[in-house]
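For reference, the chains in residue letters:
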Amino acid sequence: MGRLGAWHVAAAGELARALAVQGVKITGLCTHFASADEDVRLTREQWRLVAPFFESHPDLLRHAANSPAVTRGYGFPADMVRLGLALYGVPPRPGDARLGLRPALTWKSRIGLLREVGPGRTVSYGATYRTRSREQHAVVAMGYGDGYFRANGSGGALLVRGVRCPIRGRVTMDQIVIDVTRVAGAQVGDEVVALGGQGKALLTAHELATRCGTIPWEILTNIGARVPRRYHHFQTTS
């Protein structure tokens, strides 16, 4: 991985140094795959290099597999796995329906304002969008200040009453304008979904990531601190 930890050739020496520290008890070993979601050959080679070190310490817990390594079925033997993205119900590769994962997170806001806009009007900063006919626009209380990428303004959409509503103009810091002309009975206060499902419609982290030229991990972790979190059917263990 070349980030933290030790290279495989130095791992045994580093472990010996750690074991010699008074008051420290080593309970496990781990490694982290650099390209499990992209490069099968490199991932198998990385395991080949670290496996002898793991095997020489059967008394310690060993884990290596992240979400891509688990879901792509590498089958590396160890004691534990380390899921990240998959815990959100998002497959590491888009459209991997065989996993049966369902998104565990929905990002919502509400319509704050509705207005009729005639033809020839421009919308948002830079006047990048101009109406060609009469449209009904909704102003949604969210923006890049909440972590919704500005790049989504180009071809992006939000969900209202299960209908994909195209974003009009640029995403701004605190507000997004969407076209709700096709939404029957749209009202101020209606729920708006930026990520997740509504009715039969779905906006996935992979879709947003592709549009923004990034990865779903960044989409999920970029949701800002000012966005309230609500946990449903959540239980803690004592």
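Preceding this paragraph is the structure being described.
My aim in this report is to walk through the structure given alongside it, one point at a time. (Residues numbered from 1 in each chain as written. Predicted model: local features only at pLDDT ≥ 70, side-chain atom pairs only at ≥ 80, totals over all residues. Heavy atoms only, no water.)

1. Overview of the overall build of the protein chain
Then, number 1: Counting secondary structure elements, the protein chain contains five helices and twelve strands.
Then, number 2: Here the protein chain has a C-alpha radius of gyration of 24 Å; the compact-globule value for 238 residues is 18 Å, and the former is much larger.
Then, number 3: Over its C-alpha atoms, taken along the principal directions, the protein chain stretches across nearly 75 × 40 × 35 Å.
Then, number 4: Counting over 238 residues, the protein chain shows a buried share of 39%. (Helix = DSSP H or I, 4+ residues; strand = E, 2+ residues; numbered from the N terminus. Rg over C-alpha atoms; globule rule 2.2 N^0.38 Å. Buried < 20%, exposed > 50% of the residue type's maximum accessible area, 1.4 Å probe, protein only.)

2. Examining the sheet that holds strand S2 (residues 61-65)
Then, number 1: With parallel pairing, the three strands of this open sheet are ordered in space as S1-S2-S3. Pairing within the sheet leaves two strands with one partner each, and these edge strands are strand S1 (28-30) and strand S3 (80-81).
Then, number 2: Direction of pairing for S1 relative to S2: parallel, over a ladder of three bridges. The residue of S2 that forms the bridge with Cys-30 is His-63.
Then, number 3: The sheet strands contacting helix H2 (residues 40-55) are S1 and S2, and the helix crosses S2 at an angle near 170°. (Pairing = 2+ DSSP bridges. Contact = heavy atoms within 4.5 Å. Axes fitted to C-alpha atoms, helices over the stretch in contact; angles between N-to-C directions.)

3. Considering H2
Then, number 1: With 16 residues, H2 ought to run about 22 Å at 1.5 Å a step, and its terminal C-alpha atoms sit 22 Å apart, in line with that.
Then, number 2: In H2, a bend of some 35° at Leu-49 exceeds every other bend along the element, and Pro-52, a proline, comes one to four places later.
Then, number 3: For H2, the complete set of buried residues consists of Thr-43, Gln-46, Trp-47, Val-50, Ala-51, Phe-53 and Phe-54.
Then, number 4: Summarising the contacts, the buried residues of H2 are in contact with helix H1 (11-19), S1 and S2.
Then, number 5: Its side-chain oxygen placed 3.2 Å from the backbone nitrogen of Arg-41, Asp-39 serves as the N-cap of H2. (Expected span 1.5 Å × (residues − 1). Bend = angle between axes of the 7 residues up to and from the residue. Polar contact = N/O pair within 3.5 Å; in protein donor to acceptor, adjacent residues only side chain to side chain.)

4. A few points about unusual backbone geometry
Then, number 1: With phi around 70°, Ser-124 is a residue other than glycine that occupies positive phi space.
Then, number 2: Note that Ser-124 resides in the loop between strand S5 (122-123) and strand S6 (129-130).
Then, number 3: Residue classification places Ser-124 among the partly exposed positions, given a relative accessible area of 29%.
Then, number 4: Positive phi, normally seen in glycine, also occurs at Ala-127, with a value near 50°.

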